[in-house]
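# Observations on chain architecture
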Amino acid sequence: MEWERAMGELSAAIDHLATEDVTEIPRIQLAEQLIELHWQMARLQAQIARRTGVRLP
């Protein structure tokens, strides 16, 4: 379930950014959204690595 929840959150964040007109978003808010998206992607990558046994050297 954690995997599905993480994928759902990431998908929702990407969809949210994709539908917005970035010219209408204050730069600080856009930066915050991109940082949050980055962290969600990093968490998902870590979950994938744990589940598949992939580790960085």
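Up top is the structure.
About the criteria used
- Residues numbered from 1 in each chain as written.
- Predicted model: local features only at pLDDT ≥ 70, side-chain atom pairs only at ≥ 80, totals over all residues.
- Heavy atoms only, no water.
- Core = buried A, V, L, I, M, F, W, Y, C linked by side-chain atoms within 4.5 Å.
- Buried < 20%, exposed > 50% of the residue type's maximum accessible area, 1.4 Å probe, protein only.
- Helix = DSSP H or I, 4+ residues; strand = E, 2+ residues; numbered from the N terminus.
- Contact = heavy atoms within 4.5 Å.
- Salt bridge = Lys/Arg side-chain N within 4 Å of Asp/Glu carboxyl O.

## Structural notes on the nonpolar core
Within the largest apolar cluster, eight residues are counted, these being Ala6, Leu10, Ala13, Leu17, Ile25, Leu30, Leu37 and Leu44. For this core, the secondary structure elements donating two or more residues are α1 (2-19) and α2 (27-52). Ignoring any residue separated from it by four or fewer positions in sequence, one finds Ala13 in contact with Leu37 and Gln40.

## Focus on the side chain of Gln40
Note that Gln40 resides in helix α2. A residue is classified by how much of its surface remains accessible, and Gln40, at 13% relative accessible area, is buried. Beyond its immediate stretch of four places on either side in the chain, Gln40 contacts Glu9, Leu10 and Ala13.

## Points about the pattern of salt bridges
As enumerated under the stated definition, the model contains one salt bridge in all. A salt bridge links Arg43 to Glu36; the shortest N-O distance between them is 3.4 Å. Here Arg43 falls in the partly exposed class, since its relative accessible area comes to 41%. You can call Glu36 partly exposed: its relative accessible area is 38%.

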